[in-house]
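So the chains spell out like this:
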Amino acid sequence: MHKGCRRHALVLFVALLSSTYAEAMASMHMEDFIEAVRRVEDGDPRSDPLSVLRRLRGAGGLDDAFVRHFLGNAKPAGAEWDASLSDYLSKAVRHMVTENATEEGVVLTPDGTTVALAPLLLGIEAGFLANMAGRVRGLYQLTLAKDLDGSPLLGPDGCWDSVASPQVFTLLGDPSALTTARVNGGMDGAVLGMEVSARRPATLSGLLTEYYCRRLHSRGLDAAPRLVAPRRRENFRGLVAPPVLVRQVLKAVQLRRSLAGRPKMEVREKNQLSALVRKGMKEFIQKYIDCPPIIPRCMWGAEPYRGAPTNLSLPLSFMYIHHTYSPGKPCLTFQQCAADMRSMQRFHQEDRGWDDIGYSFVAGSDGYIYEGRGWLWQGAHTLGHNSVGYGVSFIGDYATRLPSQHSMGLVRDQLAACAVGGGRLVPDFVLQGHRQVVATSCPGQALYDEITGWEHFGEVKKGKRSARQDGD
């Protein structure tokens, strides 16, 4: 088993020995779900992954006419589950958004993102049913397309009541049919469904462990295999082109109408729907493909902003690049990156007397961007320039070495494009190193030399620079 899932599995093993399995399984960690799947597999050693997937589909009530059209009936015969296991799996797989804006049927993964299990499992099951590698019937309709119907709403993300023992996931805004957790689960389902159509793993638990629990080493994602959860957006981007996804959405709408006994759409209605779907697809691509994955403040444990934040006047004209200097080492896990964010916020609030962490965004080496003051609040990162630009920092000291290529790409290519596409940066914005406008060595000599070759890099107009200490 990968080390990333070992800690929770050990807790579950102890719980099993002490007959408190139901209590241990209350946690909505992906590791706990994988352990539950492993228990299903161990209870019926003759079962193959497809049988396990069908039983999970039955437990989660994923057996409507639309799903059966592609996957057939759920819940084949197998060994009986005890009540605690059955209750846990039903809760984990059955997706819904409540009136209180909590989202059920989702789990927290080791990389700090939240995944809806229903589209994940449907995509994998479709992949196992494929007769030819790379040709998976219904893959995109089952995972994403049936919810991408042109609705003006996408998202939102949310926050768990506890990262250590997650039970309740509360959304951060008005819910849509396609929450961020459903997008994550749908992308993972499409990626893994396509993978298993060509390579049949021996067990479902093994596949999930390999994908979600792999630990990164010193080079971060630069040295990681292709098939890991932090790469979901880039893997999905390489899997399907937007026009193909638009066609899949239209097919999903037509199939639902047919299964409900409704007549085919008239040409005019179909054209209107097609225009609506294309518009919604642009929003989807901008939010979930062009933009990098961003870990919200509540997930890294941010303390509240002290006082009233100053709102930025958008769009801005600058992006300022920093390194944190201290912490001096790249963070490779969600747990370490989150701890580094909390450490920096404490330093900025307690030692510096600032209202919040100074940076707008911070790049880890775990494959994610961490929200600091975010898109809307003025930061405290570049003295005299905080109102005109975003401050983006890389965790680590980059005087003599560079951040990982992947983390630099997140900032250079995705965060910048996301800001421009969202109307937060002007298209011809200028990118500068902290040292160009403040007397400091930040962002470190190696990183500064690197960014001079980035698109949008610009020299500073002659003028007085403010004195600041390194790392500010």
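Residues numbered from 1 in each chain as written. Predicted model: local features only at pLDDT ≥ 70, side-chain atom pairs only at ≥ 80, totals over all residues. Heavy atoms only, no water.

Caption draft 1: Quick peek at the nonpolar core. Counting residues in each nonpolar core, the largest one holds 99 residues, and the members touching the most others are Phe 33, Leu 89, Leu 204, Phe 236 and Phe 284. One finds Met 319, Ile 369, Leu 415 and Ala 419 within the second-largest nonpolar core, a separate group that totals 29 residues. (Core = buried A, V, L, I, M, F, W, Y, C linked by side-chain atoms within 4.5 Å. Buried < 20%, exposed > 50% of the residue type's maximum accessible area, 1.4 Å probe, protein only.)

Caption draft 2: Structural detail: helix α10 (residues 204-212). Counting buried positions along α10 yields seven of nine residues, so the element is predominantly enclosed. When α10 is considered as a whole, its buried residues turn out to be Leu 204, Ser 205, Leu 207, Leu 208, Thr 209, Tyr 211 and Tyr 212. Buried-residue contacts for α10 involve α3 (30-43), α4 (49-59), β4 (114-116), α7 (117-129), α9 (180-198) and α11 (232-239). You can read the cap of α10 off the contacts: a side-chain oxygen lies 3.0 Å from the backbone nitrogen of Gly 206, and it is on Thr 203. (Helix = DSSP H or I, 4+ residues; strand = E, 2+ residues; numbered from the N terminus. Contact = heavy atoms within 4.5 Å. Polar contact = N/O pair within 3.5 Å; in protein donor to acceptor, adjacent residues only side chain to side chain.)

Caption draft 3: Molecular detail of the confidence of the model for the chain. For the chain, mean pLDDT is 91; residues scoring 70 or higher make up 91% of the total. Predicted confidence for residues 8-22 stays below pLDDT 50, and this span has 21 contacts to residues more than four positions away or in other chains. Within the model, pLDDT remains below 50 along residues 462-471, and this stretch shows 29 contacts once partners closer than five positions in the same chain are excluded. (pLDDT = per-residue confidence, 0-100.)

Caption draft 4: View of the sheet that holds strand β12 (residues 425-433). Strand order in the open sheet formed by six strands is β7-β10-β9-β11-β8-β12, with mixed pairing between adjacent strands. Each having just a single partner strand, β7 (294-295) and β12 make up the two edges of the open sheet. Bridge analysis of β7 against strand β10 (residues 369-371) gives two bridges, and the strand direction is parallel. Of the residues in β10, the one forming a bridge with Ile 294 is Ile 369. Of the strands in this sheet, β7, β9 (361-363) and β10 touch helix α15 (residues 334-351), which is tilted by about 40° from β10. Running at roughly 145° to β12, helix α16 (residues 405-421) makes contact with β7, β8 (316-323), β9, β10, β11 (389-394) and β12 of the sheet. (Pairing = 2+ DSSP bridges. Axes fitted to C-alpha atoms, helices over the stretch in contact; angles between N-to-C directions.)

Caption draft 5: Expanded view of the layout of surface pockets. Of the volumes computed, that of the largest pocket is approximately 820 Å³. Considering the residues around the largest pocket, the lining is formed by 34 residues, among which Asp 157, Lys 287, Ile 294, Pro 296 and Trp 375 are closest to the centre. Counting residues per element, the ones that place at least two in the lining of the largest pocket are α9, α11, α13 (267-290), β7 and α14 (297-300). Split by residue class, the lining of the largest pocket holds 16 nonpolar, ten polar and eight charged. (1 Å grid on protein atoms, 1.4 Å probe; cavity = no way out; pocket = protein on both sides within 12 Å on 5 of 7 lines; lining within 4 Å. Points joined across faces, edges and corners; volume = space filled by probe spheres on them. Nonpolar A, V, L, I, M, F, W, Y, C, P; charged D, E, K, R; others polar.)

Caption draft 6: Representation of α15. Over its 18 residues, α15 extends 25 Å from the first C-alpha to the last, a length consistent with the 26 Å expected when each residue adds 1.5 Å. Those residues of α15 lying buried are Phe 334, Cys 337, Ala 338, Asp 340, Met 341, Met 344, Gln 345, His 348 and Gln 349. The buried residues of α15 occupy one face: seen down the axis, they fall within an arc of 160°. Turned more than 90 degrees away from the buried face of α15, the exposed residues are Glu 350 and Asp 351. Just downstream of α15 lies Gly 353, where phi reads positive at about 75°. (Expected span 1.5 Å × (residues − 1). Arc of directions from axis to C-beta.)

Caption draft 7: Region of interest: the pattern of salt bridges. Counting across every chain of the model gives 16 salt bridges. For Glu 125, the salt bridge is made with Arg 54, and the minimal N-O distance between the two is 3.7 Å. A residue pair is termed long-range when its members are at least 10 positions apart, and Glu 125 in helix α7 and Arg 54 in helix α4 qualify at 71 residues. (Salt bridge = Lys/Arg side-chain N within 4 Å of Asp/Glu carboxyl O.)

Caption draft 8: Molecular detail of the packing of aromatic side chains. Summed over the entire model, instances satisfying the criterion amount to ten aromatic pairs. Both rings, one in Tyr 305 and one in Trp 377, keep their centres 5.2 Å apart while their planes meet at 70°; by these two values the pair is edge-to-face. Here the residue Tyr 305 occupies a position in the loop between α14 and β8, and Trp 377 occupies one in the loop between β10 and β11, the gap between them amounting to 72 residues. With relative accessibility at 26%, the residue Trp 377 sits in the partly exposed group. Members of the aromatic cluster, each reached through a chain of ring pairs, are Phe 361, Trp 375 and Tyr 390. (Phe/Tyr/Trp six-rings, centres within 6.5 Å; stacked < 30°, edge-to-face > 60°.)

Caption draft 9: Region of the structure containing the environment of Leu 144. One can find Leu 144 in the loop between α8 (139-143) and β5 (158-160). Remark: the alpha-carbon pair of Leu 144 and Gly 423, spanning 279 residues in sequence, is separated by 26 Å. Leu 144 has contacts with Leu 178, Arg 182, Val 183, Gly 186, Met 187, Phe 236 and Phe 284, leaving out every residue within four places of it along the chain.

Caption draft 10: Main features of the packing of α7 against α10. For the pair α7 and α10, interaxial distance at closest approach is 13 Å and the crossing angle is 120°. Here α10 runs oblique to α7, going by the angle between their axes. Crossing hand, α7 versus α10: right-handed. Along its contact with α7, which presents Leu 120, Leu 121 and Ile 124, the element α10 presents Leu 204, Leu 207, Leu 208 and Tyr 212. Classifying every residue of the contact of α7 with α10 gives seven nonpolar, no polar and no charged. (Parallel < 35°, antiparallel > 145°, perpendicular 65-115°, else oblique. Left-handed = near helix turned anticlockwise from the far one by under 90°.)

Caption draft 11: Representation of the state of the cysteines in the model. Counted according to the given criterion, the structure contains three disulfides. Residue Cys 159 pairs covalently with Cys 298 via a disulfide, S to S 1.2 Å. With Cys 159 in strand β5 and Cys 298 in helix α14, this residue pair connects regions lying 139 residues apart in the sequence. Of the residues examined, Cys 159 reaches a relative accessible area of 10% and is grouped as buried. A disulfide bridge connects Cys 331 with Cys 337, and the sulfur atoms are separated by 2.0 Å. Looking down the S-S bond of the Cys 331 and Cys 337 bridge, the torsion is 95°, so its handedness is right-handed. (Disulfide = S-S within 2.5 Å.)

Caption draft 12: Seen up close, unusual backbone geometry. A cis amide bond links Leu 314 with the next residue in sequence, Pro 315, at an omega value of 0°. Inspection of the secondary structure assignment puts Pro 315 in the loop between α14 and β8. Across the junction of Ser 326 and Pro 327, the peptide omega takes the value 5°, indicating a cis bond. Here Pro 327 is to be found in the loop between β8 and α15. If you check the backbone angles, Ala 101 has positive phi at about 65° while not being a glycine. When you line up the elements, Ala 101 lands in the loop between β1 (96-97) and β2 (103-104). Notably, Tyr 325 is not glycine yet its phi reads approximately 65°, a positive angle.

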